Amino acid sequence: MTCRLSLRAFSLLALTCLVLGACGQPKDTQSEVDKARVELANGNPGIARIHLDHALAAGVPRREVSLDFAEAALGEGDFAGARNWLEGEDFPAGAAAERHLLLGRIEMAEGNLAAAARAFDSSYEADPANSELWVEIGRLRYRRGEQVQASQAVERALELDPENGGALRFRGQLIRDAQGLRSGVRFLRNAVERQPGDVPLRVELAATLGDAGEAAEALRVLRGGDGSAVGTAQGLFIQAVIAARGGNFRLARDLLGRSNLVERRVPSAQILSAIIDLQEENYASAVRALDRIYGGGQADNRRVRDLLAHALSRSGGEQELVSRFAETAAGNGGSAYLRTLVGRAYEALG
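Residues numbered from 1 in each chain as written. Predicted model: local features only at pLDDT ≥ 70, side-chain atom pairs only at ≥ 80, totals over all residues. Heavy atoms only, no water.

Chemist: I'd like to hear about the overall build of the chain, residue by residue, with values.
Modeler: Across its full length, the chain holds 20 helices and 0 strands. Its C-alpha atoms give the chain a radius of gyration of 21 Å, near enough to 20 Å, the size a compact globule of 350 residues would have. Once the C-alpha set of the chain is aligned to its principal axes, its extents read approximately 70 × 45 × 40 Å. The 350 residues of the chain split such that 50% are buried. Considering only contacts within the chain whose residues lie at least 6 apart along the sequence, 52% involve residues at least 24 apart. Carbon and sulfur atoms form 48% of the exposed surface of the chain, whose accessible area is close to 16,200 Å². (Helix = DSSP H or I, 4+ residues; strand = E, 2+ residues; numbered from the N terminus. Rg over C-alpha atoms; globule rule 2.2 N^0.38 Å. Buried < 20%, exposed > 50% of the residue type's maximum accessible area, 1.4 Å probe, protein only. Contact = heavy atoms within 4.5 Å. Areas by Shrake-Rupley, 256 points an atom, 1.4 Å probe, with all protein chains shown as cover.)

So this is what it looks like as structure tokens:
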């Protein structure tokens with residue numbers, strides 16, 4: 001039961017992307033840089049990186065694609081690589097706002113919220129009317145627990161650009177969190193109807209539908225438009241979650257592997273991988289994976305803690321279970337399930 005409840009609780013990590021005029025160009029007339037920017041907008045940083053490498057090989061100056069390389073590295077979770085592209089490069093004129101915006105996104109991804117705020121301040125000084133910046137400011141405020149201020153920031157972003165896909169996605173996420181999944185679905189569905197070609201927006205709607213228990217509709221949305229949402233990393237992850245919820249763990253493992261999100265150390269993907277291990281009775285593998293997640297900044301995540309405790313109980317790790325979680329189980333922060341697991345571990349140890 002614990003694993004099934006955890007699967008229902010999954011929600012998708014939103015991906016911030018740029019809205020690009022190049023999206024409307026026919027593919028056969030696009031340069032490698034244009035193709036890379038389309039892939040970045042669609043949430044495919046790995047494919048974007050291939051196009052950018054081709055652009056460099058064709059003689060495009062590094063300074064012209066340094067920000068694109070940084071965004072691709074950030075999308076793949078390579079924060080050090082992203083920083084390298086943003087530091088020491090000779091950037092084109094007018095690139096300061098985007099450079100500081102990307103630096104702020106890196107800091108926020110690494111949990112350095114104060115540093116992220118400083119970077120966003122620098123980006124604001126360079127371009128205060130950048131709707132993408134206001135989306136990131138909203139996300140930062142939300143991370144700091146400032147929900148009202150986060151809503152104000154995303155409203156500002158939509159005032160500057162009513163068709164900003166990132167702002168519409170974040171607004172949908174805020175509505176989903178505050179008013180429930182059904183309200184989030186309604187808002188995101190309207191947004192997708194307005195912008196059917198926005199792949200990340202379509203993926204966000206599919207994720208919300210999946211969390212609302214509408215798996216068939218989620219798959220239909222993913223396959224809609226030009227069909228490209230199905231093959232994105234987040235699209236594959238949604239399909240993996242749906243397969244796991246349906247009990248098809250072999251398919252879920254295959255889809256998850258194709259997404260490469262576990263290799264990129266995306267926590268939600270790592271948790272799903274561990275849950276699949278638990279269902280397939282690969283308890284030792286699940287313990288290792290969950291221990292890495294728990295020790296990697298998820299120590300306050302009750303779901304991860306309970307899953308780790310469950311994996312330890314199934315793998316014969318009762319002594320470690322008691323040593324690590326008995327005090328938590330006895331306090332106010334322990335769930336009823338954790339208390340049950342610790343109690344059973346004590347019984348097993350005599």
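Chemist: Account for the packing of helix H18 (residues 302-314) against helix H19 (residues 318-330), naming residues and giving values.
Modeler: Interhelical geometry of H18 versus H19 gives an angle of 150° and a closest axis separation of 9 Å. Between H18 and H19, the angle is such that the two are roughly antiparallel. Judged by the sense of rotation from one axis to the other, the crossing of H18 with H19 is left-handed. Where H18 approaches H19, its residues Arg305, Leu308, Ala309, Leu312 and Ser313 are matched on the opposing element by Glu318, Glu320, Leu321, Arg324, Phe325 and Thr328. (Axes fitted to C-alpha atoms, helices over the stretch in contact; angles between N-to-C directions. Parallel < 35°, antiparallel > 145°, perpendicular 65-115°, else oblique. Left-handed = near helix turned anticlockwise from the far one by under 90°.)

Chemist: I'd like to hear about helix H10 (residues 165-179), residue by residue, with values.
Modeler: Here H10 spans 21 Å end to end across 15 residues, near enough to the 21 Å set by a 1.5 Å rise per residue. Counting buried positions along H10 yields 11 of 15 residues, so the element is predominantly enclosed. Summarising the contacts, the buried residues of H10 are in contact with helix H8 (131-143), helix H9 (147-160), helix H11 (181-194) and helix H12 (199-211). For H10, the side-chain oxygen to backbone nitrogen distance between the N-cap and glycine 166 is 2.9 Å, and the N-cap itself is asparagine 164. (Expected span 1.5 Å × (residues − 1). Polar contact = N/O pair within 3.5 Å; in protein donor to acceptor, adjacent residues only side chain to side chain.)

Chemist: Give a description of helix H14 (residues 233-245) that names residues and reports values.
Modeler: Between its terminal C-alpha atoms H14 stretches 18 Å, which fits the 18 Å expected from 13 residues at 1.5 Å a residue. Here H14 lies mainly inside the structure; 12 of its 13 residues are buried. Three or more residues of H14 are buried, namely Ala233, Gln234, Gly235, Leu236, Phe237, Ile238, Gln239, Ala240, Val241, Ile242, Ala243 and Ala244. Once H14 finishes, glycine 247 follows within two positions and takes phi at roughly 85°, a positive value.

Chemist: Run through the side chain of glutamine 239, naming residues and quoting values.
Modeler: Tracing the sequence through the fold places glutamine 239 in helix H14. Judged by relative accessible area, glutamine 239 falls into the buried class, the value being 14%.

Chemist: Explain the packing of aromatic side chains to me, using residue names and the numbers behind them.
Modeler: Inspection of every chain in the model, using the stated rule, returns 4 aromatic pairs. Ring geometry for tyrosine 142 and phenylalanine 170: centres 6.4 Å apart, planes at 90°, overall edge-to-face. Pair noted here: tyrosine 142 is in helix H8 and phenylalanine 170 is in helix H10, with a separation of 28 residues, a long-range link. In this structure phenylalanine 170 comes out as buried when scored by relative accessible area, which is 4%. (Phe/Tyr/Trp six-rings, centres within 6.5 Å; stacked < 30°, edge-to-face > 60°.)

Chemist: Just give me the short version of the side chain of glutamate 107, but keep the residues and values in it.
Modeler: Residue placement: glutamate 107 occurs in helix H6 (residues 96-109). Judged by relative accessible area, glutamate 107 falls into the buried class, the value being 15%. A distance of 3.1 Å separates polar atoms of two side chains, one belonging to glutamate 107 and the other to arginine 83. Here glutamate 107 is in contact with Arg83, Asn112, Ala115 and Ala116, once residues within four sequence places are set aside.

Chemist: Lay out the environment of serine 259 in plain terms, naming residues and giving numbers.
Modeler: Mapped onto the elements of the fold, serine 259 is located in helix H15 (residues 249-259). A relative accessible area of 3% means that serine 259 is categorised as buried. The residues touching serine 259, leaving out its near neighbours within four places in the chain, are Ala233, Leu236, Phe237 and Arg264. Here the side chain of serine 259 touches leucine 256 through a polar contact of 2.6 Å, landing on its backbone oxygen.

Chemist: An account of the environment of leucine 188 is requested, with residue identities and associated values reported.
Modeler: Considering the arrangement of structural elements, one finds leucine 188 in helix H11. Overall, the relative accessible area of 0% leaves leucine 188 in the buried class. It is 19 Å that separates the C-alpha atoms of leucine 188 and tyrosine 142, two residues lying 46 residues apart in sequence. Among all residues touching leucine 188, those that are not within four sequence positions of it are Leu168, Arg169, Gly172, Leu201, Glu204, Leu205 and Thr208.

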